[in-house]
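Analysis of the macromolecular model
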Amino acid sequence: MILEAQDLGWSVSGADIVDGVCLSVREGETLGLIGPNGSGKSSLLKMLAGIRRPGRGQVRLDGRPMADMGQRAIAQNIALVEQQADTGNRITVRDAVELGRTPWLSALQPWSSQDDAIVGRALDDVGMGHMAGRYWHTLSGGERQRVHIARALAQEPRILMLDEPTNHLDIHHQLSILHLVRALPVTVVVALHDLNQAMDCDRIAVMSGGRLMDQGAPDAVLTETILSEIFDVRARFLTDPVDGARIMRFQSGDRATPGIAAGRATTPDFPYLAKTKVAT
Amino acid sequence: MSDAALVRARRPHWHWGWIAPPVLAAALLAGICIGETRIPLETVIKVLGARIFGMDLGVDRIDAGIIWSYRASRAVVAACCGTGLALSGVVLQALLRNALADPYLLGISAGASTGAVAVTVAGLGAGAISLSAGAFAGAVLAFALVAILARAAGGGPGMQAAGVIVLAGIAGSQLFNALTAFIIAKSANAEQARGIMFWLLGNLSGVRWDDALVAVPAAFGGLGICLWFIRALDAFTFGADSAAALGVPVRQVQVILIAATALVTACMVSMVGSIGFVGLVIPHAMRFVVGVRHGRLVPASALAGAVFLIASDIISRVLIPGQVLPIGVITALVGAPAFALILIRGGRGT
Ligand SMILES: Nc1ncnc2c1ncn2[C@@H]1O[C@H](COP(=O)(O)OP(=O)(O)OP(=O)(O)O)[C@@H](O)[C@H]1O
Ligand SMILES: [Mg+2]
């Protein structure tokens, strides 16, 4: 196990945001993290990446408790692409990607031509090489996302964590980023909203209401029952006639979104958790 | 660009090692020569040669006294204050990710003034606490108060948070200025009060070599710390979480750098009073010249701050013949329009 979460929990003023998550990430695999909005995916990723201290439990990297490791040592192993990270500074694309070299440099270990090569390669990998001189504030949302990913690549991590990396990306770049990420010889933990994209992961973990509901192979986890209970959608599985891949098609579920349907009784906290289906 | 050229472009801050000494020397010489009475450069160089290298060049004793004891020490302290305040601005702007962060606007200078006045006038600590220690305590207290207030008012990134923290800074400044006024009214006699009010606006006339013994280490110490943390400062570009993900021990770096900022500001305030806007104007001007990366911004701001404050000091001495203006008036005359400019540009999201 390259990364292990043991009974991980985090709460804000009494409310559990992440609760009792036990999760193992195997070396080299791509683990997809799915779950509805607010289910705690980003919070869990931050704890796994060592940038948020868990309230309960611990994370182990290569068997070592992360709490005993320095921030720099963690960053030499793990890179995180946040869901939202922006800046008002007038930096160029290249500047932004160069930040990825931070954990490998120090006041006594200056920038080298090797660092330049790594940054250049990362930029090319996400198809932003030709925009290296552009200013950040002139970039489109998708271009910014690709620069963030390039920065994480420049960090040369063993574990790459991505929080909804395909947000903002057009379909071509969605596929090329996912392809790139899977082709990298690194362990990947990726939060995704597109469940069809999640199908391509080696394993999937499902979050709901801060808890880890299920984990396993995509086919085993992404079942009609789970999709209906957790995401409140009805799913039908189609088969691509060309390569036989399973594809999901969704229809909105029967339960109303809490707060939208006035006067409808909903379970207070997390209606998704209701063990019995409300209606079928 | 070839790879080698790229590498060279990546490390431009080494150039500053060559530019800084002559520019700084020229500024210091100008600061010594120009004043109510203009002293010829030749005389100045002779006196400096005599004092620093022990050469006997046959200079007038009175000239020598003015040049060495008054003008030279004053120019050196002005340079150090400029450097310290400009670097404080750089650090605060990076850590708070806020274009308007500056020791003066955030009330740190006001807190330092209160601390200094409490020690000198009210006799707080009964002589056991030095002026600088009192100023430091005041500076830290003010920053903590402003930070708590800003957080309670709801921060977050962007210009709105910039507004919140500046409002908190104004509240803090007002509070500490009121405390200072209260202490003065309660404990100082009329003579003292006049002197203190003049000092509070920023005044270098009382400065001697003793002060330089504090100012020089404070300025170089501040510069050294900033240079040590240039990569960490860069890493805050996308926020504290992003800095942590890049391997920066965020809490530790924040504590060290903010304490250093408070300490440097407190040292400077305890010598020359609170001089405003240096920490705001210089870093922004330098961002236009050398860009936002701290590898260049830190040395450039250190140098420009020194030159700016020496120039302001010269202007304060010659603007009205026969009268010395508080230097804070000059820096504010430059700084307030610059502040407005930053506000306008910031509104457009750059
Ligand atoms: N610092 C915080 N303070 C208070 N509540 C928080 C904080 N961070 C997260 N939360 C809450 O915790 C819950 C989980 O947040 P999180 O960002 O982890 O969800 P997510 O699964 O990533 O959602 P999304 O799919 O929308 O990105 C949300 O309800 C959010 O409002
Ligand atoms: Mg999220």
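Because the structure is predicted, anything quoted here is derived from the model rather than measured.

Quick notes on the sheet that holds strand 4 (residues 56–61) of chain A
Residues and elements named next belong to chain A. Taken in spatial order, the four strands of this open sheet run 2-1-4-5, and their pairing is antiparallel. The open sheet has two free edges, formed respectively by strand 2 (15–25) and strand 5 (64–65), since each of these has just one partner strand. The pairing of strand 1 (residues 3–12) with strand 2 spans seven bridges and is classified as antiparallel. Each residue of the ladder has a partner; that of L8, found in strand 2, is V21. The sheet strands contacting helix 1 (residues 41–48) are strand 1, strand 2 and strand 4, and the helix crosses strand 1 at an angle near 125°.

Let's talk about the site of ligand 1
Residues and elements named next belong to chain A. Surrounding ligand 1, one finds 14 residues, the nearest of these being G38, K41, S42, S43 and Q83. Measuring from an oxygen atom of ligand 1, one finds a side-chain N or O atom of K41 at 2.7 Å. At 2.6 Å, a side-chain N or O of S42 approaches an oxygen atom of ligand 1. Mapped by element, the contributors of at least two residues to the shell around ligand 1 are strand 1 and helix 1. Considered class by class, the residues forming the shell around ligand 1 number four nonpolar, eight polar and two charged.

Examining the interface of chain A and chain B
Between chain A and chain B, the residue contacts involve 37 residues of the former and 23 residues of the latter. Summed over both partners, the interface of chain A with chain B buries about 2,600 Å², with 62% contributed by carbon and sulfur atoms. For the pair chain A and chain B, the interface holds three salt bridges. For B:R293, the salt bridge is made with A:D95, and the minimal N-O distance between the two is 2.8 Å. Put simply, chain A and chain B have eight residue pairs in polar contact (both at pLDDT 80 or more) between them. At the level of secondary structure, the elements contributing two or more residues to the side of chain A that touches chain B comprise helix 2 (71–77), strand 6 (78–81), helix 3 (93–98), helix 4 (113–125) and helix 5 (141–154) of chain A.

Observations regarding the pairing of strand 3 (residues 30–34) of chain A
All names here are of chain A. With five of its five residues buried, strand 3 lies for the most part within the structure. Direction of pairing for strand 3 relative to strand 8 (residues 187–191): parallel, over a ladder of four bridges. Residue pairing for strand 8: L31 is matched across the bridge by V189. In this sheet, strand 9 (residues 203–208) lies alongside strand 3 in parallel orientation, the contact comprising four bridges.

Here's the deal with the packing of helix 6 (residues 131–152) of chain B against helix 12 (residues 250–272) of chain B
Residues and elements named next belong to chain B. At a closest axis distance of 8 Å, the pairing of helix 6 and helix 12 adopts a crossing angle of 130°. What the angle tells us is that helix 6 and helix 12 run oblique. Between helix 6 and helix 12 the crossing geometry is right-handed. Along the contact surface, helix 6 presents L131, S132, A135, F136, A139, V140 and F143, while helix 12 presents I258, A259, A262, L263, A266 and S270. Tallied by class, the residues present in the contact of helix 6 with helix 12 amount to 11 nonpolar, two polar and no charged.

Overview of a nonpolar patch on the surface
Residues and elements named next belong to chain B. A cluster of nonpolar residues, W18, I19 and V23, forms a patch on the protein surface that exposes about 340 Å² of accessible area. Take I19: it is sitting in helix 2 (residues 13–33). Judged by relative accessible area, which is 39%, I19 ranks as partly exposed.

Concerning the layout of surface pockets
All names here are of chain B. By volume, the second largest pocket amounts to about 420 Å³. What lines the second largest pocket is a set of 21 residues, and nearest its centre among them are Y104, A110, S173, N177 and S274. Listing elements by their share of the lining of the second largest pocket, those giving two or more residues are helix 5 (108–120), helix 7 (159–187), helix 8 (190–200) and helix 15 (327–347).

About the cut-offs
- Residues numbered from 1 in each chain as written.
- Chains lettered and ligands numbered in written order.
- Predicted model: local features only at pLDDT ≥ 70, side-chain atom pairs only at ≥ 80, totals over all residues.
- Heavy atoms only, no water.
- Pairing = 2+ DSSP bridges.
- Helix = DSSP H or I, 4+ residues; strand = E, 2+ residues; numbered from the N terminus.
- Contact = heavy atoms within 4.5 Å.
- Axes fitted to C-alpha atoms, helices over the stretch in contact; angles between N-to-C directions.
- Near = heavy atom within 4 Å.
- Polar contact = N/O pair within 3.5 Å; in protein donor to acceptor, adjacent residues only side chain to side chain.
- Nonpolar A, V, L, I, M, F, W, Y, C, P; charged D, E, K, R; others polar.
- Buried area = accessible area lost by both parts, 1.4 Å probe.
- Salt bridge = Lys/Arg side-chain N within 4 Å of Asp/Glu carboxyl O.
- Buried < 20%, exposed > 50% of the residue type's maximum accessible area, 1.4 Å probe, protein only.
- Parallel < 35°, antiparallel > 145°, perpendicular 65-115°, else oblique.
- Left-handed = near helix turned anticlockwise from the far one by under 90°.
- Patch = residues over 30% accessible without salt bridge, like charges linked within 9 Å, V, L, I, M, F, W, Y side chains within 5 Å.
- Areas by Shrake-Rupley, 256 points an atom, 1.4 Å probe, with all protein chains shown as cover.
- 1 Å grid on protein atoms, 1.4 Å probe; cavity = no way out; pocket = protein on both sides within 12 Å on 5 of 7 lines; lining within 4 Å.
- Points joined across faces, edges and corners; volume = space filled by probe spheres on them.

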